[in-house]
Amino acid sequence: SYKRGIFMAFYDGTKLLSLKDINGNTPEIFICTSNRSAGKSTYFNRMVVNRFLKRGEKFGVLYRFNYELDEVSKKFFSDIQRLFFNDYEMLDKSQSRGMYHELFLKRKNSDEEPRSCGYALSLNNSDQIKKMSHLFSDISSIIFDEFQSETSHYCPNEVKKFQSVHASIARGNGKQSRYVPVYMISNPVSIINPYFSALGISSRLKSDTHFMRGNGFVLENGFNESASNALSESTFNRAFDNSYNDYIINGSYLMDSSAFIEKMSGFGSYLFTLKCEGKYYSVVEYAKEGIIYVSDSYDETFKTVIAVDVNDHDVNYVLLSHYDTYIQKIRFFFEHGCFRFKNQNCKSALMKLLNYNIY
């Protein structure tokens with residue numbers, strides 16, 4: 001791990017883009033998270049427009065739902081137009097009965113025809129995108145802004161739809177699969193968001209992690225000090241003293257209170273034993289304190305043992321698939337800061353439990 005980066009002005013993604021993945025290969029997924037107003041979206045949106053103007057490389061812009069494609073050219077281009085592309089304007093046209101929007105760029109006050117520069121697609125249309133994948137074979141890179149939802153409003157099976165859309169785009173130009181990098185941008189909402197869970201980031205990410213390398217991806221977890229200072233000086237923000245304010249100013253994960261590692265004492269109600277990677281953990285509720293505690297000391301006689309995966313399954317154990325509703329409740333407690341852990345191993349085991357079926 002590296003110390004979490006501090007940006008003094010606006011975001012610069014040069015370092016992230018230069019990194020290799022954990023295997024020394026060029027990653028295809030670049031993930032950038034930091035506090036709000038740091039300039040992340042501006043940097044990557046400007047980058048793909050410049051690539052089109054200089055090299056003719058088209059880009060894709062991902063959203064979750066179809067309704068988000070309305071007026072997409074304004075959403076994507078307005079900010080960077082004022083800052084960098086005053087001589088240009090962007091238009092969009094709904095295609096295939098609104099299944100996607102095509103983006104066009106042209107110089108202002110000129111007679112030139114608008115040039116197709118990219119496409120806006122929604123993850124929820126993954127099946128339709130698969131059927132018309134030949135239309136997107138000229139996409140060179142993909143922008144996915146706000147990949148973490150502040151309200152946990154994700155598509156059903158979102159990560160699988162994300163994988164499907166990328167596969168549809170990457171199969172073009174006579175190749176079964178070509179290199180199409182995805183730039184994923186977000187504020188820090190939850191460490192158990194579907195993408196961190198799917199990529200194994202949730203159990204690895206720490207408060208002092210700046211860069212992380214994984215299999216096929218690299219992550220930057222940054223902090224923009226000038227943006228934080230500007231937001232903290234806002235008289236509007238000063239009026240509120242809550243977790244959302246901490247999130248927008250300090251880049252604290254909105255849905256994750258600090259996962260405290262400490263010892264609990266007193267009377268607790270034993271909920272179940274958790275088996276993870278061959279080890280056993282107790283999950284105990286301290287109702288008076290409103291805390292659920294995970295420890296590596298457990299009751300061997302307790303009948304309810306939940307196995308995280310098939311490898312941990314044994315006679316008289318139950319698999320997580322039988323406890324979906326229960327796991328949702330446990331996840332709710334975690335997101336509201338109601339967990340304590342005896343040590344880091346206990347925390348990691350619970351993270352694997354929470355990651356189950358989230359995407």
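The text that follows walks through the structure, step by step, so that each part is easy to find. Just so it is clear, the model here is predicted, and its values are computed rather than measured.

**Comments concerning the environment of Ser-168**
Part 1 of the argument: With respect to the helices and strands, Ser-168 occurs in helix H5 (residues 158–170).
Part 2 of the argument: Residues within four places of Ser-168 in sequence aside, it is in contact with Ile-129, Lys-130 and Ser-133.

**As for the pattern of salt bridges**
A side chain with one charge may pair with a side chain of the opposite charge, provided their charged atoms come close.
Part 1 of the argument: Under the defined criterion, the tally for this structure stands at 8 salt bridges.
Part 2 of the argument: Residues Arg-82 and Asp-79 are paired through a salt bridge, measuring 2.5 Å at the closest nitrogen-oxygen approach. Highlighted residues: Arg-82 and Asp-79, both in helix H3 (residues 72–84), separated by 3 residues, approximately one helical turn.
Part 3 of the argument: Overall, Arg-82 belongs to the exposed group, its relative accessible area being 54%.
Part 4 of the argument: For Asp-79, a relative accessible area of 44% translates into the label partly exposed.

**Re H3**
Part 1 of the argument: In a regular helix each residue adds 1.5 Å, so 13 residues correspond to 18 Å; H3 covers 18 Å between its end C-alpha atoms and thus fits that length.
Part 2 of the argument: At Ser-78, H3 is deflected by roughly 40°, the largest bend along its length.
Part 3 of the argument: Along its buried surface, H3 packs onto helix H2 (40–55), strand S3 (58–63), strand S4 (88–95), strand S5 (100–107) and strand S6 (115–122).

**Quick word on the pairing of S4**
Part 1 of the argument: Examined bridge by bridge, S4 and S5 share 8 bridges and lie antiparallel to one another. Considered in S5, the bridge of Lys-93 is made with Glu-102.
Part 2 of the argument: Between S4 and S5, which pair antiparallel in sequence order, lie 4 residues; one of them, Ser-96, sits at a positive phi of approximately 50°.

**Description of the packing of aromatic side chains**
Part 1 of the argument: On inspection of all chains with the given rule, the structure shows 23 aromatic pairs.
Part 2 of the argument: Here the aromatic rings of Phe-77 and Phe-85 are separated by 5.9 Å at their centres, their planes lie at 25°, and the arrangement is stacked.
Part 3 of the argument: Ring geometry for Phe-84 and Phe-85: centres 6.4 Å apart, planes at 65°, overall edge-to-face.
Part 4 of the argument: Taken together, the ring pairs in this structure connect Tyr-11, Phe-30, Tyr-43, Phe-44 and Tyr-183 into an aromatic cluster.
Part 5 of the argument: A cation over an aromatic ring shows up here: Lys-15 above the ring of Phe-211, its NZ or CZ 5.7 Å from the ring centre.
Part 6 of the argument: In this arrangement the basic side chain of Arg-46 is found over the ring face of Phe-84, its NZ or CZ atom lying 3.9 Å from the centre.

**Overview of the environment of Met-47**
Part 1 of the argument: Examined against the element boundaries, Met-47 turns out to sit in helix H2.
Part 2 of the argument: Placed 34 residues apart in sequence, Met-47 and Gly-13 show a C-alpha to C-alpha distance of 9.7 Å.
Part 3 of the argument: Those residues in contact with Met-47, other than ones at most four positions away along the chain, are Leu-17 and Tyr-183.

What counts, and where the lines are drawn
Residues numbered from 1 in each chain as written. Predicted model: local features only at pLDDT ≥ 70, side-chain atom pairs only at ≥ 80, totals over all residues. Heavy atoms only, no water. Helix = DSSP H or I, 4+ residues; strand = E, 2+ residues; numbered from the N terminus. Contact = heavy atoms within 4.5 Å. Salt bridge = Lys/Arg side-chain N within 4 Å of Asp/Glu carboxyl O. Buried < 20%, exposed > 50% of the residue type's maximum accessible area, 1.4 Å probe, protein only. Expected span 1.5 Å × (residues − 1). Bend = angle between axes of the 7 residues up to and from the residue. Pairing = 2+ DSSP bridges. Phe/Tyr/Trp six-rings, centres within 6.5 Å; stacked < 30°, edge-to-face > 60°. Lys NZ or Arg CZ within 6 Å of the ring centre and 35° of its normal.

Note that every value here comes from positions in space, so none of it alone points to a role or purpose.
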